[in-house]
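Observations on chain architecture
The primary structure of each chain is shown beneath.
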Amino acid sequence: MQLRQFLQRKAGQVRAVIRQRRRCLGILLLLNGGLWGMPALYMAVFTPPSPTIELPNLDTLKQAKYDIYVVNWGFHTALILEQPQGWRLGPTNHAQARYVEYGWGDKRFFMLSDTSIPTTLAAGVLPTASVMYLRGRETLPQPQYARQLYHRQITPQQLHSLLRSLEQSFQRTTNGERVAPYPQVPRFAGQFYPGREYYVIWSDCNAWTVRQLQAINVAQAYFPVILSEQVGPSLTGFELIKGAK
């Protein structure tokens, strides 16, 4: 009789522990859903739709192949594209550059170089304002500045599609033009423009880089991309021309 009572008491204690742990797990799942689900819902509702972009016709691309580069600056990655002859997609201070660098990121962290704890936490868990960085280049980045530089060639069709997608990352006026750039920022040779999409840690600059390339079938990510070191292994058909593997 005493043994039965002892076993019943122990079984009751075990059930109580299981109920407590289930409640804790439920709270964690609720918090996790709020952490990821609420920002995703906010972004889905308030992100402006992709605008219609007017680019020069595809038949103006006369080359059989065009060069494309992916540059890893450290925490941040960007795309450098060979600009078709006669096009003017570079920033206002270098519209007809040989190469155009496109980058995207959090407005305060990227453009203002604000790495304070409040800004970092906000960029990590909250949908924050983004910027597009646009720089015209006549030469490629120097080895001492770029951590890694990858290269491949793409078809005119791929380049045209990629440029359309990149241009959709800018905020646009009702006339379809890019919204005017912000005042020139010291330390940056290019110009910053208001971005269309919101920034959050699971949709950061490195995820953006890979998404752009996935759309033209030159990248494939099997896991969520957050860190710049994840970009290189996600590339398809690229050659590492600068930096360590």
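The coordinates are above.
Read on for an overview of the structure. (Residues numbered from 1 in each chain as written. Predicted model: local features only at pLDDT ≥ 70, side-chain atom pairs only at ≥ 80, totals over all residues. Heavy atoms only, no water.)

**Structural notes on the environment of tyrosine 145**
The condition that has to hold: Counting from the N terminus, the helices are DSSP H or I runs at least four residues long and the strands are E runs at least two residues long.
Tracing the backbone through its elements, the reader meets tyrosine 145 in the loop between strand 4 (130-137) and strand 5 (148-154). Sequence separation between tyrosine 145 and asparagine 72 is 73 residues, and the spatial gap between their C-alpha atoms is 9.5 Å.

**A short note on the side chain of threonine 119**
Just so we agree on the cut-off: To sort residues, take the accessible area from a 1.4 Å probe on protein chains only and compare it with the maximum for the residue type: under 20% means buried, over 50% means exposed, and anything in between is partly exposed.
With respect to the secondary-structure elements, threonine 119 resides in helix 3 (residues 117-125). Since its relative accessible area comes to 9%, threonine 119 is described here as buried.

**Observations concerning the pattern of salt bridges**
Our working definition: Whenever Lys or Arg places a side-chain nitrogen within 4 Å of a carboxyl oxygen from Asp or Glu, that contact is recorded as a salt bridge.
Tallying each qualifying case throughout the model produces five salt bridges. Here aspartate 114 ties to arginine 108 by a salt bridge, and the two come within 3.0 Å at their closest N and O atoms. Judged by its relative accessible area of 45%, arginine 108 falls in the partly exposed class. Here the salt bridges do not stand alone but share partners, grouping Glu167, Arg172 and Arg178 into one network.

**A word on the packing of aromatic side chains**
Note the cut-off: We call Phe, Tyr and Trp rings a pair once their centres come within 6.5 Å, taking the six-membered ring for Trp, and we label the pair stacked below 30 degrees between planes, edge-to-face above 60, and tilted otherwise. Only Lys NZ and Arg CZ are tested; either one counts as a charge over a ring when it is within 6 Å of the ring centre and within 35 degrees of the ring normal.
Within this structure, the stated rule accounts for 13 aromatic pairs. A centroid spacing of 4.8 Å and a plane angle of 45 degrees characterise the contact between tyrosine 133 and phenylalanine 192, whose relative ring orientation is tilted. Placement of the pair is tyrosine 133 in strand 4 and phenylalanine 192 in strand 6 (residues 191-194), with a sequence separation of 59 residues. Take tyrosine 133 and phenylalanine 192: they sit in the same class, and that class is buried. Judged by centre distance (5.4 Å) and plane angle (85 degrees), the ring pair of phenylalanine 170 and tyrosine 193 falls under edge-to-face. With phenylalanine 170 in the loop between helix 4 (156-167) and strand 6 and tyrosine 193 in strand 6, this pair connects stretches of sequence that are 23 residues apart. Comparing phenylalanine 170 with tyrosine 193 shows no difference in burial state: the two are buried. Here the aromatic residues Phe110, Tyr133, Phe188 and Phe192 are joined through ring pairs into a cluster of three or more. Sitting over the ring of phenylalanine 170, arginine 178 keeps its end group 4.7 Å from the ring centre. Between arginine 178 and the ring centre of tyrosine 193, over which it is positioned, the NZ or CZ distance is 5.7 Å.

**Focus: the nonpolar core**
Just so we agree on the cut-off: Put simply, a nonpolar core is a bunch of buried Ala, Val, Leu, Ile, Met, Phe, Trp, Tyr and Cys residues held in one set by side-chain atoms that sit within 4.5 Å of each other. Here, residues are in contact when the closest pair of their heavy atoms is within 4.5 Å.
Counting residues in each nonpolar core, the largest one holds 35 residues, and the members touching the most others are Leu81, Tyr102 and Leu213. Going through the elements one at a time, strand 1 (66-72), strand 2 (77-82), strand 3 (99-106), strand 4, strand 5, helix 4 and helix 5 (205-214) are the ones with two or more residues in this core. In terms of residue count, the dominant contributor to this core is helix 4 (four residues). In this structure leucine 81 touches Asp67, Ile68, Arg98, Tyr99, Val100, Tyr102, Leu159, Leu162, Leu163 and Leu166, once residues within four positions along its chain are discounted.

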